[in-house]
Structures are given as structure tokens and as C-alpha cells.
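Fold and contact review
Here are the chains, one letter per residue:
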Amino acid sequence: MSSDKMNIWILVNHRQGTVEKETYGLAAEAQRLLTMSKQNSEEYCSDGKITAVALGAGLDAELKQLGAYGINSVVYAEGQELARYNGELFAEVLLKLYEKYKPACILMDHNTETSDLAPRLASLMNTSIVTRVIDFTISINREIAATRPVSSGYLFEKFKLERTSCPVITLLPNVLNETEAAENRNIEIINEKIDPGTFNLKTKVTEIMEAAPEDLEIDEAEIVISGGRGVGKEESLDIITRLAKSLKGSVGGTRPIIDWQLLPFERQIGQTGKVISPRLLFACGISGANEYTTGMEKSRLVVAINTDPGARIFKFADLSVIGDVHEVLPRVIEKIEERGIWNL
Amino acid sequence: MLAGIFRHRSVWKAGREESRSGSWAGLIKYIFEHGKILKKRGRGIAHFFVFYGFFLPLVVIILAQFNFEIGIIPSGIVSLLLDIIGTLFLTGIVILLIRRIVSQDSEGPLRTIFPMIILCVIIITGFLAEGARLGISGTETVWASPVGWIFSVFVPASPSFMQIIIRVHFYAVLLFLALLPFNFAKHIIASSLNVYFKRKNPRGELNKAYLTDDSAGAAIVRDFTWKQLLDAEACVSCGRCEENCPAFISGKPLSPRKIIRDIYNLMYLSNGEKISSNMLESTISNDEIWSCTACMACVEHCPVYAEPMDKIIDMRRHQVMCKGQLPAEAVPMIRNLEIFGDVQGKGAAHRMDWAMSPDLEFANAENADADILLWPGCSGAFHPRYQEVLKAMVKILNTARIRFSTLGKDELCCGDPARRLGNESLFLELAGKNISSFRKNNIKKILTLCPHCFNTLKNEYPGVEKELFNKSKENIEVVHASEYIMELIKVKRIVPKYPLKKNIAFQDPCYLGRVNGIYNEPREVISSIPGTALKELDHNRETGFCCGGGGGGMWMHEHSGKRMNVIRAEEVAEADPEVLCTACPYCLTMLEDGLSSLESEKETKVLDIVEIIAGAI
């Protein structure tokens, strides 16, 4: 911490040109750290600042919005090579930026990319790292500490970190609260020109093969379309797959669907299958027996389609549609294909 | 021969210590009545003949060594009887011999046909000798030896031939006795011993887990007790266990016979001494031990009282408590038990949610002066379908003006799923807390709806109390709803008046029927409703077919073969009752699902016995 202001860095998480909500959560977390220091009346921290670091391409417009979340400035490394995640390159770029700006700490949200990136970066920086953190404190007079769950959440372990270096912290997404946007302020965007040729990279990306969204694991997918006995056997399930394709979701099923061998066992939702909590779940032709609902109770938004108005699944639904799946869904798919997913 | 017997004894005695006492009366009754063996008609009768064909002539021969006189007529009758018995013996042994030869079991014929052939030789030479004797000494007592007479027609009437045959007969007898410990015939001793030492504890009480500082359950053959190893020694590989095993029938990779035979083979391979550490695991796969539903059909049908199921549970205990190898689907349920104390993971705060209704008002056990404690169980408290059944029970209790209470939020899972999935420490924790609650509230009598809770509370808790608290108090009386309802009907506290449906079939829950012998009460309860006819399913009472939900089956995926609940549902659909009645939350869920998966036009309704009575009063 050589600079006289505490500068907290957060890594911008973006996908397909849009900043993900976890970034706002990180901003709020950084804000909390600064406020905490202020309450402890630490002169040094009281006018600390939050800097967002973004690596990517074509993000200018999106990054300007960050002012609404209490972020003071943005360091933006732009380049076509950075449009897609590449662990080795990203770590080298961040190291270079770190050496230039010397922040107090680097916060990231814990996801599949950062669980690769954070250890690489920390090792290049020769600093401490804690992953899957649920609580983090940093201040000048007090200890720097991080807490994380172990043994499947039964226990917690707390780390005390060296004060002399800049720790790399990845925070679990479910502790990152979504924050309301305030009025946007103009923020400074510092463009950093990066020439990947200057790094001595040992790996090279030769080909990128995209998985179809419907092939995603059901417990990882954000949108899941699930079908039950009411959808019918054989080709009847195609309607579910079609909806999944148009919504870019994954496909799951109840036990009968798996018994009919229309889907593999990995796609079973429920007591003897997987427990899922997607942001959006379609339950089509599913009556909602306890053995199924055990596996989906924690889903965020649930749309249920069933011919029986008394079906138990409607108790769990945010939107209940009484009707035949094969009549309702083709029209839904038609509308989605007409207007695109986000303009319904 | 004696050396052979003692060698065998040393092998199974290498097992762990277990205190067992024997019963001579039980053994004698078992052998002479032959009831357990006769349960399987054809082969049972064949064995009956072979046993008496072996035993009675032996008695006659021993008696014949003494000098005493009996008249011509009595001796003729004895001779005639021996002839008849000998013929039946020969028929029996030929039937069993053919069965063993055509048997699919590869080791069956090799082990068993040799002693059987010796027995054939003994009996045939016996008849030949008799025939030769008749040929020589004339035929004035021919009525007493009909078989001998037939043989005398084509046997040479030569004394030297008779001498040779009698010698062959005698040597064959000696050979049979000398080789007795070394072949299949050893079951005469081993199986008798196993019957002598048969279980005196309730059948539903699992053995205490074997726990040491660095191991749990059965990792190696020597982790079994000597009685468990004697089970393997006593096994005759008759196959009745697998014929009745729902996992085997539905095409799962489990045969209780194979489990026992594997243990037997390993026990001799290691010779009771040098035991390689992981042999048990590599011989009996995890797929096998996790296919078991703990329905106890194998235990029920074993003619020599061997118990394959407790060995499976002991191997599960090792997998779970030493290696953390529980099928992935069952992990969340076990975790829910650890954290929340119920199988659904809803937590104590929600345990009384089912009772949140103005018409459901009753006391908490803490300050109640109640006749009985109602035990809703996790299914009654949390499963939406079984909550209906629980409410029906409350209606019955109110109608009968029974003062009852519940433990309320202090109730925890009884621990049955944890114990049968091999997590003994979790079971002990849950059981210990429940027992403390019972004693704190001075509970005298408990009413359960779920047969699994019933079995655990009734048969396993007394043992746990002794183990954990080191004191045995007066046992708390535990009754199942079907028994209790029958009691209420008998004393006319409730009167079923309104006929519901004509044809009601009854699914025997394993833990009510087979494990606790309650077959009649539910049937009496159903029959007590006017205008109701009870329809028996093909598999009923002792042969009742498991729904697939027990032994943790509710939380495991059936990876291969046909689904057990579908097999049972097909049988129900064939019998075509209007209502299928059961008395277990697992059966209810599994069979409702099984029947709806048949997708037949006419859907059979599945109701709990409690709902049926609540609808009839």
C-alpha cells in the first residue's frame, strides 16, 4: 500500500457486451469496506476510491453506466485478444496494470473464470489469495481478514493476511447483494493500450467450440426448461427442446421422462435427481409431486404449464398457465423468435 | 470326520464375538415339523422325504443293534414302512438331484451332486440286497417288502451277490459319514446349528454397528460376527432369497444368495487367518449393496434362518462411515438429517405446519395429560400427500375422544433412513435425542403412522437407550395406526358405518408385515367396513412385494432393471381393485407413482388405511 489513498479494485464481470450484476455487488462490497474504514475514522482511508478494471472489447457504453454504482474510475484494457477469456493473457495484463497503479486489494466475484484467473494473478504478484470468501475486511489499523465456508458449509475458516501486499479475493456470488443504481455520475475511463505481443505467452487459443445452451448442466444453467409426464412420450419432448433453444436454456425432466429414456439421468430434477435453482424455470406438464418440487423449490422465477387447474405445481409458480403444453408453447416460441428473447 | 467339523468351526469362529443363546426345543420343533422348509411346496416335500428317509431307517438300524424280540407282524410292518420311506427317499433325492443338475448356479451341481449320488447308491444297493435276500429265502413275507420283491424278479438269487451288495451299501454309508464335513451334506450339521442359534431379538432390530477407532462396519470377512459367518456356512444355496428379492426380480445387480456365497468363499479363501484387506469390497460391488431395499424378504424366506440383509447393511456402514461413499442422490437427504433433523430439510420451525388449522387443536406433550403420543414422522409432518393421512388420523382420534399429544417441534426423524443407509452415528444421535424427549415428557405409549418409524421406535430404541444411556427402563409401548384403529373398533370407540368402495386390495408394507408380523389387523380393519370385500394380491403377507422405497430407496435412483414400484403396480392393475389400501408413506408415494406410470384408462386409487377408516366413520 504505497499510495496514500486506499484504492480498491474490482474486476468487471461481463458477458456478451453486458456488465453482469455481480459487478454491482462487488461495487457495493467495496463501498462497504470504505464506509467501514470511515466509521473507524481512519484519515488514510476516508477518501479512498473504487476502481473498476475491465478487460475486453466494445464495452465503452456499458462501462460509463458504472458511475451509478459508486465507482470512481475505470481502468479499461481494450483489445480483440481480450474479448474472450484467456487465463495466461489476462493474468499478465492485470499484473502490468497492478504494477502501474498499486491498488490496496483486488476483488473478484467467484466464478469459473476467476477461479482460474485469481490464482494465476496472485502467483505473478507474489501475494496472498483467498477464494470463495463470504466476509472480507481491510483497513489500515486493523487486521486484513477473510472468512470462507469449508466442509460443505458446516464450518468457517478465517484467514489473517499480510498487510504489506495487495491481496486477491474472490467473493461467493450469493453474498454479493444486488444494488439499486443511483443517478449516474460522469466517471473517468482510462484506456490502457495492451499489446499481447509483449508478453511471452506459453499458450495459444487455436479453436473455440461453443456448447449448445441445451447441453449445459441443469444445475449450472440459468434458464431451465423441464418437462414431465404430461408432455408425452417420444417426439413430444421436442417442444421442450425447441423452447430451450429459443430461450438459450438447458433441458431437464421429471423421473418418468428419464424412465422413458428421453433424457439421461443427469437431467433428472428432484429427490433422486438434481436440486436446481435457476433464474427462470419452466415446468411443463408436471403435476408437482413433492419428489419433484424438492428439486426446484429454490428456483427464482417459475412458469408452470398444466392442463389440471388443481395441479400442485401452481403453488410454486410465479406464472401459472392452464393449458396443454403442445398448444401453449408453440405460440410462445413463435413470439420469442419474432421479437428476440429480451423484447417480449 | 470330527477333524473336518472342527476345522469348519474354527473358520466361522474367527468372526467377532457376539452373544447368542441356543434353543434345543426350537431346533427339534424345526427339524421334525419341517414347516419352514415346506414353505416351498415341491422341493420342500422332496426334502421332507429325504430327511425322514435318512432319519427313520437310521433309528431302525440303531435299534436293531439291540437284542429284542418282536413278532412277525410288527417287524413286517416296520419293513413295509421302511420300503415305502425308502421309495419316497429315492424319489425325493432324484428330484433334488435333477434340480441341482439343471440349476443355473454354476457351483451348485459340483458341490451337491456327489453326496446325493452316494445317497442314491446307498438306497439302491439297499433295495438290491433286499431283492437278493427275497430271491434266496423265499417270498412268504413278500407283502412286507414290495419294492424288494420287484427287485428280486431281475436280481440273481446268489448269496455272494448279496454279500457284495451289502458291503457296497455299508461302505457307501461310511463314505457318506466320513465325507460329511467336506461337501454339501455338512448342512445337516451347520444348518442345524444355525437354527439352534437363531435370533431371539426382534427381527426388525439391526445388529449394533461394529465401530473401532479406525474402522466401522464390515471391511473384511472377520468384521462379521461368528454368527454372521455361521449363516454363510449354513447356507445351502437353495435360492429362495433371490426368488423373493425385489431387487433381484427387478433386474438389479443384487442377489442375497451371491452375497452369502461370496462371504462363504472368502471365509475359506482366507482360512479364517490371513485375510487380505480389500477382498470383500472387490468381490461384492457397491452396486450390489446399494440395490437393497431392506425389505427382509431374504430373511423371511431363508429355510435355515440365515440373514443376508444385515451383512449388506454392515458393508454399507463401512462404505459410509469409513469412506464417505454414499450414492450421490442420497447425500442431500442425509445432510438434511444432520442439519435439520428431518428428511425434507424443512427444519424444526416447520414441523407443526400441518397442524396450522383451527380445527386441529391439541396439546404439546410437555404439559399434557394425554393417553397417547401421536408421532407424525417426517412424512406426516412434511410430505404434502401424507399430511392428508395424518389429518385423517387426528379426525379418528377426535371421534374416538382420545386425548393425545405430540412432541411438536422437538420431534426429530426416527433415524431409520440413516441407519439403513449405513450412517449409524447419525442414527444414534437422532435416536438419543428422541429418547430423551420421550423420557423427559414421561411418555408411556406412542402411536405411529409409518411402519418404519414404528419398527425403529418399537424394536430399536430400547437397544439404543441401553447403549447410550446405560440404563434400561420400562419399554415404551409403541403401536401402529392399523393395530390401534382395530383396538378402537373393537371397544366401539369408533364404528365404521359408511361403505367406501367394494373392492379393496391391501399392500403389505414390509416393515409392518414381514418385519413385525402385523398381517391380520389391517385386514380386519378393512373388513370391518360394511359392504367391503378384501381382495388379496398375488403377493401378499409373507410374500408381499416391496414398493422399492425402504432402506433409503426413496432417495436413490434405480440405475438398472425395471422399477420395483412399476412391477408391483402391474400386479395391482391385474387384480383390478377399486382402491389399493396401504399403511406406509413410502408405499403410498411409490405405488401412486407406479400406477400412474402405467397410464391405464382406469386409475386405481391408492389410500392409506387411516384415510379409509376416517372416510367410513
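Residues numbered from 1 in each chain as written. Chains lettered and ligands numbered in written order. Predicted model: local features only at pLDDT ≥ 70, side-chain atom pairs only at ≥ 80, totals over all residues.

**With respect to the overall build of chain A**
Each helix and strand counted, chain A has 9 helices and 17 strands in total. In terms of its C-alpha atoms, chain A occupies a principal-axis envelope of roughly 65 × 45 × 40 Å. For chain A, long-range pairs separated by at least 24 residues make up 63% of all intrachain contacts whose partners lie at least 6 apart in sequence. (Helix = DSSP H or I, 4+ residues; strand = E, 2+ residues; numbered from the N terminus. Contact = placed C-beta atoms within 7 Å.)

**Some words on the sheet that holds strand β8 (residues 579–582) of chain B**
Each strand in a sheet pairs with another by means of backbone hydrogen bonds, the pair being arranged parallel or else antiparallel. Residues and elements named next belong to chain B. With respect to topology, 4 strands assemble into an open sheet ordered β7-β6-β8-β9, the strand pairing being parallel. Edge positions in the sheet fall to β7 (533–535) and β9 (605–608), since each of these pairs with one other strand and no more. Averaged over all adjacent pairs, the angle separating strand axes in this sheet is 35 degrees, with direction ignored. By the bridge criterion, 4 bridges tie β8 to β9 in an arrangement that is parallel. Looking at β9, one finds that Thr582 is bridged to Asp608. Of the strands in this sheet, β8 and β9 are in contact with helix α27 (residues 585–597), which crosses β9 at around 175 degrees. (Pairing = 2+ DSSP bridges. Axes fitted to C-alpha atoms, helices over the stretch in contact; angles between N-to-C directions.)

**Focus: the domain arrangement of chain A**
Splitting chain A by domain gives domain 1 (7–198) and domain 2 (213–343). Taken over C-alpha atoms, the centre of domain 1 of chain A sits 36 Å from the centre of domain 2 of chain A. (Domains from an automatic or database assignment.)

**Quick look at helix α9 (residues 187–196) of chain B**
All names here are of chain B. Buried within α9 we find His187, Ala190, Ser191, Asn194 and Val195. Along the axis of α9, the buried residues cluster in a sector spanning 135 degrees; they form a single face. Those residues of α9 hidden inside the fold are in contact with α2 (24–33) and α10 (226–234). (Buried ≥ 20, exposed ≤ 12 C-beta atoms within 10 Å, placed from the backbone. Arc of directions from axis to C-beta.)

**Some thoughts on the interface of chain B and chain A**
With 11 residues of chain B at the contact, the number on the chain A side is 10 residues. Here the residues of the side of chain B that touches chain A are counted per class, giving 4 nonpolar, 4 polar and 3 charged. (Nonpolar A, V, L, I, M, F, W, Y, C, P; charged D, E, K, R; others polar.)

**Details of the pairing of strand β11 (residues 168–171) of chain A**
Residue and element names in this part refer to chain A. Burial of the side chains of β11 extends over both faces: Val168 and Thr170 are buried on one face and Ile169 and Leu171 on the other. One ladder, built from 4 bridges, connects strand β6 (residues 105–109) with β11; its direction is parallel. Bridging across to β11, Met108 finds its partner in Thr170. With 3 bridges joining them, strand β7 (residues 129–133) and β11 adopt parallel strand pairing. For Ile129, the partnering residue across the bridge sits in β11 and is Val168.

**Brief notes about the domain arrangement of chain B**
Many analyses report the size of an interface as the accessible area lost when the parts associate. Domains assigned within chain B are domain 1 (22–190), domain 2 (197–325), domain 3 (329–489) and domain 4 (496–616). Here the residues of the side of domain 2 of chain B that touches domain 3 of chain B are counted per class, giving 7 nonpolar, 3 polar and 4 charged.

**Some words on the sheet that holds strand β12 (residues 188–193) of chain A**
Residues and elements named next belong to chain A. Strand order in the open sheet formed by 7 strands is β7-β11-β6-β1-β4-β5-β12, with parallel pairing between adjacent strands. Lying at the two open borders of the sheet, with one neighbouring strand each, are β7 and β12. Neighbour-to-neighbour, the strand axes of the sheet open up by a mean angle of 20 degrees, direction not taken into account. Across the sheet, helix α5 (residues 114–125) lies against β6, β7 and β11, angled at about 165 degrees from β11, the strand it touches most.

**Examining the packing of α9(B) against α10(B)**
All names here are of chain B. One can describe the packing of α9 onto α10 by two numbers: an axis separation of 8 Å at closest approach and a directional angle of 140 degrees. In terms of axis orientation, α9 runs oblique to α10. Between α9 and α10 the crossing geometry is left-handed. Counted together, His187, Ala190, Ser191, Leu193 and Asn194 of α9 and Leu230, Asp231, Glu233 and Ala234 of α10 form the full contact between these two elements. Residue composition of the contact of α9 with α10, grouped by class: 4 nonpolar, 3 polar and 2 charged. (Parallel < 35°, antiparallel > 145°, perpendicular 65-115°, else oblique. Left-handed = near helix turned anticlockwise from the far one by under 90°.)

**Re the packing of helix α5 (residues 72–102) of chain B against helix α7 (residues 146–154) of chain B**
Residue and element names in this part refer to chain B. Direction vectors running N to C along α5 and α7 enclose 75 degrees, while the axes themselves pass 7 Å from each other. If you check the angle between α5 and α7, you find them roughly perpendicular. Here α5 contributes Asp83, Gly86 and Thr87 to the contact with α7, which in turn contributes Pro146, Val147 and Gly148.

**Examining the pairing of strand β16 (residues 301–306) of chain A**
All names here are of chain A. With 5 bridges connecting them, strand β15 (residues 280–284) and β16 associate as parallel partners. Bridge pairing links Leu280 to Leu301 in β16. Pairing analysis gives 4 bridges linking β16 to strand β17 (residues 319–322), with the strands arranged parallel. Bridging across to β17, Ile305 finds its partner in Val321.

**With respect to the nonpolar core**
By size, the foremost hydrophobic cluster in this structure holds 146 residues, and its most contacted members are B:Met393, B:Cys581 and B:Val610. For this core, the element with the most residues is helix α20 (residues 384–399) of chain B, which contributes 8 residues. Formed by 56 residues, the second largest nonpolar core is a distinct cluster that contains A:Leu26, A:Ala27, A:Ile71 and A:Ala118. (Core = buried A, V, L, I, M, F, W, Y, C linked by C-beta atoms within 7 Å.)

**Considering α20(B)**
Residues and elements named next belong to chain B. Along its 16 residues, α20 runs 23 Å from first to last C-alpha, staying within 8% of the 22 Å computed at 1.5 Å per residue. Check the buried side of α20 and you find it contacts α19 (377–382), β3 (404–406), α24 (481–490), α27, β9 and α28 (609–616). Downstream of α20 by a residue or two, Arg401 has a phi angle that is positive, lying close to 50 degrees. (Expected span 1.5 Å × (residues − 1).)

**Here's the deal with the environment of B:Gly463**
All names here are of chain B. If you trace the backbone, Gly463 turns up in helix α23 (residues 451–469). Look at Gly463 and you get partly exposed, because 17 C-beta atoms sit within 10 Å. In this structure the C-alpha to C-alpha distance between Gly463 and Ile489, which are 26 residues apart in sequence, comes to 32 Å.

**A closer look at unusual backbone geometry**
Backbone geometry places A:Glu234, a non-glycine residue, at a positive phi of 50 degrees. For A:Glu234, the position within the fold is in the loop between β13 (223–227) and α6 (238–247). Within the chain, B:Glu599 stands out as a residue other than glycine whose phi angle is a positive 50 degrees.

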